[in-house]
Amino acid sequence: MTAETQIELAPRVSDEIRKTTCYMCACRCGINVHLKGGKLVYIEGNRDHPVNRGVLCAKGSAGLMQATSPARLRAPLRRVGPRGSGTFEEISWDEALATAVSWLKPLRETAPEKLAFFTGRDQSQSFTGWWAQQFGTPNFAAHGGFCSVNMAAAGIYTLGGSFWEFGAPDWEHARLLLLFGVAEDHDSNPIKLGLARLKERGAKIVGVNPIRSGYNAIADEWVGITPGTDGLFILSLVHELLRAGKIDLEFLARFTNAPVLLDSDPRSPDYGLFLRDDEGRPLVIDRHSGKAAPWDAEGVEPDLRGRLRRAGITHRAAMFDLAERYLDPAYAPEKVAERCGIAPDQIRRVAAELARAAFDAPVVLDRPWTDFRGKEHRTKPGRPGAVHAMRGISAHATGFQTCRALHLLQSLLGAVETPGSFRFKPPYPKPAEAHPRPHFRATPGQPLDGPHLGYPLGPEDLALKDDGSPVRIDKAFTWETPLSPHGLMHMVISNAAAGDPYRIDTLFLYMANMAWNSSMNTRGTMEMLTAQDEDGEYVIPRIIYSDAYSSEMVAYADLILPDTTYLERHDCISLLDRPISEPEAAADAIRWPVIAPDRDVRAFQSVLLDLGARLGLPGMTNADGSATYADYADYIVNHERKPGIGPLTGWRMGPHGLTHGRGGPNAAQLDSYIANGGFHAEHIPPEAAYYKPWNRAYQDWAVAFGLLDKPQPYLIQLWSEPLRRFQLAAEGQGPRQPPEHLRGRIRSTLDPLPVWYAPMSDAFEDPAEYPVHAITQRPMAMYHSWGGQNAWLRQIHGVNPLYLPTFWWERLALSDGDWVRVVSSHGEITVPAAHMAALNKDTVWTWNAIGKRKGAWALDADAPEATKGFLLNHVIHELLPARGDGLRWANADPVTGQAAWFDLRVRLEKSAAPDQSQPVFGPIGSVVGQGPGERP
């Protein structure tokens, strides 16, 4: 081959690489963005990044098409036609911001609660929450109420941390992994890396999920459980372990509240509460002295069999109640298997596998450490049975207690923060007591006196007015949903339209597609957004919406503040919010404008700061009236939540120069992050790794780094005293008690020990009439509704059939290409059907948020997403059916208010094939045209 004919085998695809953080899912991987002539040409994974180590999924690579999508909004918009029509006119930013200020300023000065500010898949909630706090409205939350609050709340109240972004399996030492309800959309790259590591080492993977797709397809054993019965299955595993004596008694005694003494006299007003000393510390019986001692006293060895008689009242260790409950034959595999849709032998087999992994071959690391009671340990022993769970067990009316049951199972095995088990990611662990209580008292012209969202410890923390009515528009932190630390975003529009508990003036939404896939009862929600009173005025008078794309929600707003794409702005992935930490390191990250916008759009966070300055909000306005921060980048660098603690932990200014963790603002901080690939990671010292809640070395490191103000060891709360306090109120104890119609529900659902109960909907719907469970999953190639307008990702999931198991496929005599009518107690849809054998026999499912409304997302009117794609949302209601008692109960978990998406029951009928999926909604006007290059 001559020199003239030589082929360049590795041509350069770019002339510049900029490193930043992906936003195509909640994984937040590191990416290398390749530019050629200043234009995007390629995105790959960053091999140095702690989250993905170079691995990148289809979503991440397709970020290129997200940043160039024809669906991007182009300028501020003001509605000029009826709501829902999509008829707007472009206006300037000055006019848009002046309009917003003219609506918001009178509210702040007279009735700040009349602003409801709710954000969707926003990853800067510590900032947006701070803005709402400074405005003074009690009505702020994000999308967790319809996504993951059961998991977060159960984890915080029980373990001091949860799954998802806040904890992970010990991939290097686990010998068994239980996956509960894990789909492939969130955290996919770290999970894929971890599963590969387990497979390399010969560890066993057990997938518990009605659907055998994705991770469950590569599991060594699949438990095809009936939706909503995970908690019953878990408690049957607990029963089997207790019956066999396969529990870690030392772990339970040292690190959980199983030995804490409970008031055991049913006639006592403190029945079920902890016995405490004069300083309020719960008491245990010390095995050495046989006497009562504070749980955290130096040298104490708690006794799981402790008993004490004091002042005529018997107190005994919580372990007695725990053992008595779960040794009950009602939890035996034979009793629960049919309800769970699995065989009794499979329950026993999984329990035996757990016991073998935990006790036959424990992991022991040769690392000395000292616990919070001063006891020195020569090694770090661990139980190599790990657990990971996600939305599948959370999105039920039983979800909170199911997640608590899973944490009970982990604790009985000694499989929390030990080698081979579940591990916390900094800033966790952090128990409920270390979090704030909810703040909600609005004062005209003043900020709230603390953050909106928090963790109530008893009835005294509920957000109620003096007359017992809700303070918040979503009714979070009330007797209906006492422990709702993420709020109830799915109830805001419904409550606001009904004026229950009061009318609002302005609904301010960010990245929340509430007019389509982010709402139950989608048709009803669109009607609520356009509902008018007797005077012809909208019952929700004003709606401000910000998004980067022309989603279905755009058509229902009055004022549009167009956001940038994630490659065109600064973002802060903060330890104050949703970090990118791993169990071995505290880590945070940024995004920065690797490309400049080619439209008249602005980053929403910078717009909020501008609005805050124009409104004169504290912390955003200087004494002379000027803006405190030039933009969000300025805020990231210079804002301090308290002295020495800012949004980012890397490259801060200490007394002797640059430092990490605690420190003052550093003007060059963002430059340092950019030079380091967009992230900072601070590794935990080896002596501080593992046993974090009880390890003195970790507690001291967390204080020095700024995660804690002081050492705060705690016990795993298997018996939940906050739940018992609410139960006592329902039983007639204390000054603040629930209304009569809620007492029974609170007594049965807010149990201090994990409990399983049938879904709330079972009391309203006849399971014989609606015998099939219908659920959704997010595919690995999509992140919520964004991916459905991405030119590359649409080729993977352009349509979404309803998958039927063999039992129902044959019963309905279906063939390829057939359609089915899906009927719930709320409505019906007609959709294409497909056969799937690896599926629970009484469950159907589909991919979520693939279906689109005509006119949205710049898609063609005959795009497959708008003709064959569909949503199950149309047959789910935010309220349960009327039952004759005059009340419509929320279709939600009664503890946290999480939307019970996955409790849906339906019946199926074979249908003639329509021209397109039903129902069909009229097209909405597109503010960006249809397809590349077209403008309206």
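Quick note: structure is the one above.
Owing to the predicted nature of the structure, the values given are computational and were not obtained by experimental measurement. (Residues numbered from 1 in each chain as written. Predicted model: local features only at pLDDT ≥ 70, side-chain atom pairs only at ≥ 80, totals over all residues. Heavy atoms only, no water.)

Engineer: So, the side chain of Asp248: which residues are in play, and what are the values?
Structural biologist: Here Asp248 is to be found in the loop between α8 (230-244) and α9 (249-255). Classification of Asp248 as buried rests on a relative accessible area of 10%. Engagement of the side chain of Asp248 in a polar contact is seen with the backbone nitrogen of Phe251, the distance being 3.0 Å. In contact with Asp248, not counting residues within four places along its chain, are Phe359, Arg383, Leu412, Leu413 and Gly414. (Helix = DSSP H or I, 4+ residues; strand = E, 2+ residues; numbered from the N terminus. Buried < 20%, exposed > 50% of the residue type's maximum accessible area, 1.4 Å probe, protein only. Polar contact = N/O pair within 3.5 Å; in protein donor to acceptor, adjacent residues only side chain to side chain. Contact = heavy atoms within 4.5 Å.)

Engineer: How would you summarise the nonpolar core if you had to cite specific residues and measurements?
Structural biologist: Soluble globular proteins tend to pack their nonpolar side chains together in the buried interior. Ranked by internal contacts, the top residues of the largest apolar core, which has 282 residues, are Trp131, Phe233 and Leu804. Among all residues touching Leu804, those that are not within four sequence positions of it are Trp809, Leu812, Leu814, Val820, Ala833, Ala834, His835, Met836, Leu839, Val844 and Leu908. Within the second largest apolar cluster, 10 residues are counted, among which are Ala586, Ile684, Trp701 and Leu707. (Core = buried A, V, L, I, M, F, W, Y, C linked by side-chain atoms within 4.5 Å.)

Engineer: Give me the lowdown on helix α20 (residues 696-705), citing residues and values where you can.
Structural biologist: Tyr698, Gln699, Trp701, Ala702 and Phe705 are the residues of α20 that are buried. The buried residues of α20 occupy an angular sector of 165 degrees when the element is viewed end-on, so they sit on one face. Turning to α20, the residues buried within the fold contact β27 (585-591) and β30 (679-683). Near the N-terminus of α20, the side chain that reaches the backbone nitrogen of Ala697, with its oxygen 2.9 Å away, is that of Asn695. (Arc of directions from axis to C-beta.)

Engineer: How would you sum up the packing of helix α3 (residues 93-110) against helix α4 (residues 125-135)? Please name residues and give values.
Structural biologist: Contact geometry for α3 and α4: axes closest at 10 Å, N-to-C directions at 60 degrees. By the angle between their directions, the pair α3 and α4 is classed as oblique. Contacts from Leu104, Leu107 and Arg108 of α3 reach α4 at Trp131, Gln134 and Phe135. Residues that form the contact of α3 with α4 fall into these classes: 4 nonpolar, 1 polar and 1 charged. (Axes fitted to C-alpha atoms, helices over the stretch in contact; angles between N-to-C directions. Parallel < 35°, antiparallel > 145°, perpendicular 65-115°, else oblique. Nonpolar A, V, L, I, M, F, W, Y, C, P; charged D, E, K, R; others polar.)

Engineer: So what's going on with the sheet that holds strand β16 (residues 313-317)? Which residues, and what values?
Structural biologist: The strands that make up a sheet are held in pairs by hydrogen bonds between backbone atoms, and each pair lies either parallel or antiparallel. Taken together, the 3 strands give an open sheet; going across it, the order is β12-β16-β15, and neighbouring strands pair in antiparallel fashion. Among the strands making up the open sheet, the edge pair consists of β12 (261-263) and β15 (307-310). Across the sheet, the mean angle separating the axes of adjacent strands is 30 degrees when strand polarity is ignored. Across the sheet, helix α10 (residues 318-326) is in contact with β12, β15 and β16; its angle to β16 comes to roughly 70 degrees. (Pairing = 2+ DSSP bridges.)

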